[in-house]
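Residue-level structure breakdown
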Amino acid sequence: MHPAFSVIFLTTLIGIGQGLFLALFTGQLYALAQLVPLQDSETFYAHGSALALVFLIAGLIASFFHLGRPERAWRSATKWRTSWLAREVIVLPAAMGLIAMYGAAHYLSFTKPLFTVSGVLPVDLTLLIGLAATGATFALFVCTGMIYASIRFIREWATPLTIFNFIFMGGASGFVLATLFSLFEAPELVALFGFWAIILTTAALITRSISLWRNANGTPKSTIQSAIGVRHPKIVQTATGAMGGSFNTKEFRSGSPASRVRQAKYLFMLLVFIAPLALLALALTTISSSLAWPLLALAFVIQYAGLLLERWTFFADATHPQNLYYQSM
Amino acid sequence: MTQLALVIDLNTCVGCSACVTSCKEWNTSGEAGPMTDMMPYGEDPTGTFFNRVQTFEIGTYPNTQTVHFPKSCLHCEEPPCVPVCPTGASYKREEDGIVLVDYDKCIGCKYCSWACPYGAREIDEKQKVMKKCTLCVDRIYDQTLPEPERKPACVLACPADARIFGDVHDPQSEVSVLIREQGGYALMPEWGTKPANHYLPRRKQEMHIHADELERADNPLSKEDLKIDDKDITSVDGFGGW
């Protein structure tokens, strides 16, 4: 498939935003369980939510560049009963709204407990909004993943692994950013976020490796024989029905040679997983030194660059059965 | 329930592309138009087509067959492109089963084209909306046209009569009889999309002549040379004793 930069930026940027919010709320839950000290509502939670929103908004803006008729984008929420794309169009602003409310509730210090569960668990407004926002964030991951996983014709995408990859890679990049963010705003949480960033990056490494292996092994369901209905092992296309290229010869191909796609796979494995894991481990051992923030910043930037490449490969590596009809030019 | 569709006879298609040009001519100036061409006289011309004729070579020389393969939207009975559309611009008509795109609702996200295994949809580079074969919906119901002309433009243009239009749900229609009796098949049946359009296979015409058809065993001219007893001659028509 042709890698569209609008969609590459959309999925990677909202992944960071979603992951960062999940990190913030994880911090709040840990504080609630009194495992880590409670952070300042305004500087940590409100600023953190604002940062997550910046990434979500940037992703939303990127998505508009994918549309031929962006002025009609409002229509794209109508068929939510059948279309995962329509569901994403609804869930994305909903998650953004809830995260904004979460940040606002913290900013306005709505942290007085509303009620107490079993006499030990104080529940305040930020916790309730945070829970709802967490649900919306995961729903958004599922919607984004299902947009691709629900297309059964594209073998490389039609697997639950697609959803897990989106969750773990988005989560990993968000937690890496949270580690860097907490270095300035909440130094007590650096180890917690760094630890989770390593876990999520490792989880993403595992699921993405399995999906790479799965895509490399396996046979396409359709063949040229079933495509034109002629039973003969040797069928060669001599004309595609177009002198030059057409939409069909551009949209469904990576436009890059297979060798470059293969190189991209090796490179993103290094940039998304190996390098950030090493940098995170190094940063966590030098938390108190002045080396920590450049290491974490480098980990975030390298991983994001790798994620752009990973998403590019996600498209470039996907094969579409319609290409059977467009084999020769 | 009506399901309008085309039956394409690969046995008679000569690959002249008359269906391609007549489709473009009718639809670019009709309701579904324009079908924009980009740089038609440039180095890398491209454009929107609802119908293309492709060519495949089957086998290895000298045992080869050239198959001309016209391909347009198959108007699937389970169209995978319809439910994925986020706006409802892509829809299947209840009354006649034609799959259409509402250009006023389409946002040009291309998601439906990803969900079509046949590559039947093409985005219009200028109008930025998805386009596809309409089965000439603006023509087949046009009461101002004489009855025989209420057919898709490609069907009317085909000089080899390789394209037949009709209701595949009516068991007595011309298309249904052809599918039933001439081995009509659907493309990529493995996906369960149930394409309404069907293709008739290449059928090689071979003549079988038996030796006794060339020379009758009881031919009176050759009979005079026979030295064997009449009783041993087997005859095809039972009048061997002539």
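Look above for the structure.
Residues numbered from 1 in each chain as written. Chains lettered and ligands numbered in written order. Predicted model: local features only at pLDDT ≥ 70, side-chain atom pairs only at ≥ 80, totals over all residues.

**Comments concerning the overall build of chain B**
We count it as follows: Segments assigned H or I by DSSP are reported as helices when at least four residues long, segments assigned E as strands when at least two residues long, and all are numbered from the N terminus. To sort residues by burial, count the other C-beta atoms lying within 10 Å of each one's C-beta; a count of 20 or more means buried, 12 or fewer means exposed, and anything in between means partly exposed. C-beta atoms are built from the backbone. By definition, residue pairs are in contact when their C-beta atoms, positioned from the backbone, come within 7 Å.
Assigned secondary structure in chain B consists of seven helices and 11 strands. Taken across its 242 residues, chain B has 42% of its residues classed as buried. For chain B, long-range pairs separated by at least 24 residues make up 55% of all intrachain contacts whose partners lie at least 6 apart in sequence.

**Notes on helix H1 (residues 18-28) of chain B**
Three or more residues of H1 of chain B are buried, namely Cys 19, Val 20, Cys 23, Lys 24, Trp 26 and Asn 27 of chain B. Against strand E4 (51-58), strand E5 (65-72), helix H3 (137-140), helix H4 (153-157) and strand E10 (163-167) of chain B lie the buried residues of H1 of chain B.

**Description of the pairing of E10 of chain B**
Residues and elements named next belong to chain B. Definition in use: Strands were regarded as paired on the criterion that DSSP finds at least two bridges between them.
Most of E10 sits out of view: four of its five residues are buried. Relative to E10, strand E1 (residues 4-9) runs antiparallel, the two being bridged by five bridges. Each residue of the ladder has a partner; that of Leu 6, found in E10, is Phe 165.

**Observations concerning the sheet that holds E5 of chain B**
For clarity, the cut-off: Axis definition: a line fitted to C-alpha atoms, limited for helices to the stretch in contact. Angles are taken between N-to-C directions and run from 0 to 180 degrees.
The strand order across the open sheet formed by three strands is E3(A)-E4(B)-E5(B), and the pairing between neighbours is antiparallel. Looking along the sheet, the strands with just one partner apiece sit at the ends: strand E3 (235-239) of chain A together with E5 of chain B. In this sheet, adjacent strand axes meet at a mean angle of 35° when their direction is disregarded. When E3 of chain A meets E4 of chain B, the two strands line up antiparallel, connected through four bridges. Each bridged residue has a counterpart across the sheet, and for Ile 235 of chain A the counterpart in E4 of chain B is Ile 58 of chain B.

**Concerning the interface of chain B and chain A**
To keep it simple, the criterion reads: When residues are sorted by character, Ala, Val, Leu, Ile, Met, Phe, Trp, Tyr, Cys and Pro go into the nonpolar class, Asp, Glu, Lys and Arg into the charged class, and all the rest, Gly among them, into the polar class.
Counting from both sides, the interface comprises 47 residues of chain B and, opposite them, 45 residues of chain A. At the level of elements, E4, E5, helix H2 (111-114) and strand E8 (122-123) of chain B are the ones that each hand at least two residues to the side of chain B that touches chain A. Class assignment for the residues of the side of chain B that touches chain A results in 28 nonpolar, 10 polar and nine charged.

**So, the pairing of E5 of chain B**
All names here are of chain B. Among the eight residues in E5, six count as buried, and that is most of the element. Strand direction decides the pairing type here: E4 and E5, joined by eight bridges, are antiparallel. Within E5, the residue paired with Phe 56 across the bridge is Val 67. Where E4 hands over to E5, the hairpin turn is made up of six residues, of which Gly 59 adopts a positive phi near 90°.

**Some remarks on the nonpolar core**
We count it as follows: What we call a nonpolar core is a set of buried Ala, Val, Leu, Ile, Met, Phe, Trp, Tyr and Cys residues whose membership is set by joining through C-beta atoms within 7 Å.
Residues Leu 20, Ala 95, Ile 99, Phe 175, Val 176 and Phe 193 of chain A together with Ala 115 of chain B are the most contacted members of the largest nonpolar core, which totals 159 residues. Residue contributions to this core peak at 13 residues, all from helix H5 (residues 161-185) of chain A. Those residues in contact with Leu 20 of chain A that lie beyond four places of it in its chain are Gly 48, Leu 51, Ala 52, Phe 55, Gly 174, Leu 177 and Ala 178 of chain A.

**Focus: the sheet that holds E1 of chain B**
Residue and element names in this part refer to chain B. Spatial strand order, E10-E1-E11: three strands in an open sheet with mixed pairing. Where the open sheet ends on each side, the last strands, each with one partner, are E10 and strand E11 (198-200). For this sheet, the mean inter-axis angle between neighbouring strands, taken without regard to orientation, is 25°. Judged from the three bridges that link them, E1 and E11 form a sheet pairing that is parallel. In the strand pairing of E11, Ile 8 is matched with Tyr 199. Contacts from helix H5 (residues 174-181) reach E1, E10 and E11, with the element oriented near 115° to E10.

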